[in-house]
Amino acid sequence: MTPAAHKHLSSKDPVMRRLIREHGRCGLAPETRRSPFQSLVQAVAHQQLNGTVANTILGRFKKLFPGKRFPKAKDLAGVTDKQIRACGFSYAKIKAIRDIAEKTLSGVIPDSRKIMLLPDEEIIERLTQVRGVGRWTVEMLLIFQLGRHDILPVHDFGVRSGFRHAYKRRDMPAPKDLLAFGEIWRPHRTTASWYLWCAADAKKKKK
C-alpha cells in the first residue's frame, strides 16, 4: 500500500521481509468508485460461484436497468423477484439483495461519503446486519473498496494457506492464532494479508 508499510513489515518480521523481496511492491489498488450497495450486491452474486458465472449473472441483472452503470437501491422497487430470478440469482440471494436495498434506503448501510468517515468495526457491525453478509464479505469491502490499511481477514482460506506455507507450519493456523500473530503487523495488516495471498498463489503454481 505504502513504502511505510513495507518498511514496517520488513523491520518487524523476517518472513514478511522475504515475501516483499520475492513479490515486489504491494499491488493493492482499491476500487473506490463502487458504492457500498453495489459492492454488497456483487459480493452476494459471487458467493459459492466462480467468477465467470457470477459476472454473467450480474451482467443480466444490470440489463434490467437500462442506461445505468449499476442500479441504485431505490431502483430495485421497479423490478420483480421473477425478473431477478431470470438473471440466475437463487431465491436466497434475491432475499439478500432485497435486504441490501432496504438497509441502504434506511441508512443502516451508509452511502459512499458517510462510510469513508466510519471506523472499521462500526462498518463491520452495520453491514453484517444484512441478510447473507458475514464478516469476511465486509472485510473484503474494507480492503478492496475502501482501501483500509489494517484489515486481517483471519477466516480467509488464502490468507491462512499463505501463512501456513510462508511460515512453514504443518497445519493451517486457527483464526485466533493468526489474529494473535498478526499483532506484529499492525497498523499494516492489509498489506501483510496481500503478501500472504501472494504466498498462497505461488505455492499453487508450484504444484
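The model shown is predicted, which means the values in this text are computed figures rather than measured ones. (Residues numbered from 1 in each chain as written. Predicted model: local features only at pLDDT ≥ 70, side-chain atom pairs only at ≥ 80, totals over all residues. Heavy atoms only, no water.)

*Asks:* Honestly, helix 10 (residues 157-166) in this entry has me stumped. Any pointers?
*Replies:* Each turn of an α-helix holds 3.6 residues, which means side chains three or four residues apart point in the same direction. Counting buried positions along helix 10 yields seven of 10 residues, so the element is predominantly enclosed. Residues of helix 10 that are buried sit in contact with helix 2 (14-23), helix 11 (175-181) and helix 12 (189-206). Capping the start of helix 10 is the job of one residue whose side-chain oxygen sits 2.9 Å from the backbone nitrogen of G158: D156. Once helix 10 finishes, K168 follows within two positions and takes phi at roughly 55 degrees, a positive value. (Buried < 20%, exposed > 50% of the residue type's maximum accessible area, 1.4 Å probe, protein only. Helix = DSSP H or I, 4+ residues; strand = E, 2+ residues; numbered from the N terminus. Contact = heavy atoms within 4.5 Å. Polar contact = N/O pair within 3.5 Å; in protein donor to acceptor, adjacent residues only side chain to side chain.)

*Asks:* Where do I start with the environment of I184 in this structure?
*Replies:* Looking at where I184 falls in the secondary structure, it is placed in the loop between helix 11 and helix 12. Along the sequence, I184 and K12 sit 172 residues apart, while their C-alpha atoms lie 6.6 Å from each other. When near neighbours in sequence (up to four residues on either side) are disregarded, I184 contacts H8, K12 and D13.

*Asks:* Which parts of the structure should I look at to understand the environment of E125?
*Replies:* For E125, the location among the structural elements is in helix 8 (residues 120-127). Each C-alpha atom of the pair E125 and R135 lies 8.5 Å from the other, and the pair is 10 residues apart in sequence.

*Asks:* I keep staring at the environment of A29 and nothing clicks. Help me out?
*Replies:* Structurally, the position occupied by A29 is in the loop between helix 2 and helix 3 (36-46). Placed 131 residues apart in sequence, A29 and R160 show a C-alpha to C-alpha distance of 22 Å.

*Asks:* Explain the side chain of H8 to me, please; I cannot follow it from the model alone.
*Replies:* Along the chain, H8 turns up in helix 1 (residues 3-12). Within the local environment of H8, its side chain forms a polar contact with the backbone oxygen of I184, the two atoms lying 3.3 Å apart. Those residues in contact with H8 that lie beyond four places of it in its chain are I184, W185, R186, P187 and H188.

*Asks:* For this particular structure, what's the right way to read the packing of aromatic side chains?
*Replies:* The geometry of two aromatic rings is summed up by the distance between their centres and the angle between their planes. Within the structure shown, the criterion is met by 11 aromatic pairs. Here a set of aromatic residues connected by ring pairs shows up, and it is made of F37, F61, F65, F70 and F89. (Phe/Tyr/Trp six-rings, centres within 6.5 Å; stacked < 30°, edge-to-face > 60°.)

*Asks:* Help me out: how do you make sense of unusual backbone geometry in this one?
*Replies:* Phi is mostly negative for residues that are not glycine, and the peptide bonds are mostly trans. Cis peptide bonds are those with omega within 30 degrees of zero, and the linkage from R186 to P187 qualifies with 0 degrees. Tracing the backbone through its elements, the reader meets P187 in the loop between helix 11 and helix 12. Notably, Q48 is not glycine yet its phi reads approximately 65 degrees, a positive angle. Mapped onto the secondary structure, Q48 falls in the loop between helix 3 and helix 4 (51-63). Exposure remark for Q48: the relative accessible area of 81% places this residue in the exposed category.

*Asks:* Hey, could you run me through the pattern of salt bridges in this one?
*Replies:* If the charged atoms of two oppositely charged side chains come close together, the side chains can form a pair. The final tally for this structure, using the stated rule, is 12 salt bridges. Notably, a salt bridge pairs R135 with E121, separated by 3.0 Å at the nearest N-O pair. Taken together, the residues R135 in helix 9 (residues 135-144) and E121 in helix 8 connect sequence positions 14 residues apart. Taking the relative accessible area as the measure of exposure, R135 reaches 38% and is therefore partly exposed. Take E121: its relative accessible area is 48%, and that puts it in the partly exposed class. The partner of R186 in a salt bridge is D150, and the shortest N-O contact between them spans 3.0 Å. Here D150 lies in the loop between helix 9 and helix 10 and R186 lies in the loop between helix 11 and helix 12, a separation of 36 residues in the sequence. Judged by relative accessible area, which is 37%, R186 ranks as partly exposed. Residue D150 is classed as buried on the basis of its relative accessible area, which comes to 16%. Connected via shared salt-bridge partners are D150, E183, R186 and R189. (Salt bridge = Lys/Arg side-chain N within 4 Å of Asp/Glu carboxyl O.)

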